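What follows is the residue order along each chain.
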Amino acid sequence: MEQRLSMVTLGVRDMARARAFYEEGLGWTLGDGVEGRVAFYQLGGMLLGLYGLEALAEDAELPLAGLKPGANFGGTTLAYNVRDKAAVDATLQEAEAAGAKIVKPAQEVFWGGYSGYFADPDGHLWEVAFNPFWTLNDDGSVTLPAKA
């Protein structure tokens, strides 16, 4: 298996609400998809998909865990890296204005960076981070430093 990630799919309870958050609130552009059932967003070299929560569980042939949005930690976070500390604060403010809940305000963190977390309307956690040890390329992709 090649070392890469092609797409992240988020199970959402209300497709219209989720799309409004990402498109109207955050200003993201909807890509081509199955109208009304799934939404795709091009994120650099990968995709973010939104799919009905029940349909996603059915597709994976797994029962729903019954988690309440934002009430429990599901073991996964998404990350949005930015170029400086001010951009962390600005991005969290933008997400909150779009309807996100700030879960952890931006702060200095133990690993030497600066980050905070928001939850989208379905409770999916996004970390917004400035990592001074990584290179954030012009296209938004991240490059790890060479292993010593």
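Residues numbered from 1 in each chain as written. Predicted model: local features only at pLDDT ≥ 70, side-chain atom pairs only at ≥ 80, totals over all residues. Heavy atoms only, no water.

Which parts of the structure should I look at to understand the sheet that holds strand β4 (residues 77-81)?
Strand pairing in a sheet takes place through backbone hydrogen bonds and is either antiparallel or parallel in direction. Read across the sheet, four strands follow the order β4-β7-β6-β5 without closing on themselves; strand pairing throughout is mixed. The open sheet terminates on both sides in strands that have one partner only, identified here as β4 and β5 (101-108). Each strand of the sheet is rotated relative to its neighbour by a mean of 15°, with strand direction disregarded. Pairing geometry for β5 and strand β6 (residues 114-119), over five bridges, is antiparallel. Paired with E108 across the two strands is Y114, which belongs to β6. Those strands touched by helix α3 (residues 85-97) are β4, β5, β6 and β7 (125-130), and its axis lies near 10° from that of β6. (Pairing = 2+ DSSP bridges. Helix = DSSP H or I, 4+ residues; strand = E, 2+ residues; numbered from the N terminus. Axes fitted to C-alpha atoms, helices over the stretch in contact; angles between N-to-C directions. Contact = heavy atoms within 4.5 Å.)

Any chance you could explain the side chain of S115 here in plain terms?
Within the element layout of this structure, S115 appears in strand β6. A distance of 3.1 Å separates a polar atom in the side chain of S115 from a polar atom in the side chain of E127. Residues contacting S115, with those up to four places away along its chain left out, are V88, P105, A106, Q107, V109, E127, V128 and A129. (Polar contact = N/O pair within 3.5 Å; in protein donor to acceptor, adjacent residues only side chain to side chain.)

Can you walk me through the sheet that holds strand β2 (residues 38-43) in this structure?
Taken in spatial order, the three strands make up an open sheet running β1-β3-β2, and their pairing is mixed. Of all strands in the sheet, those with a lone pairing partner are β1 (7-12) and β2, marking the two edges. Taking each pair of neighbouring strands and ignoring which way they run, the sheet shows an average axis angle of 20°. Note that β2 and strand β3 (residues 46-52) share six bridges and pair antiparallel. By the bridge assignment for β3, Y41 is matched with L48. Across the sheet, helix α1 (residues 15-25) lies against β1, β2 and β3, angled at about 150° from β3, the strand it touches most.

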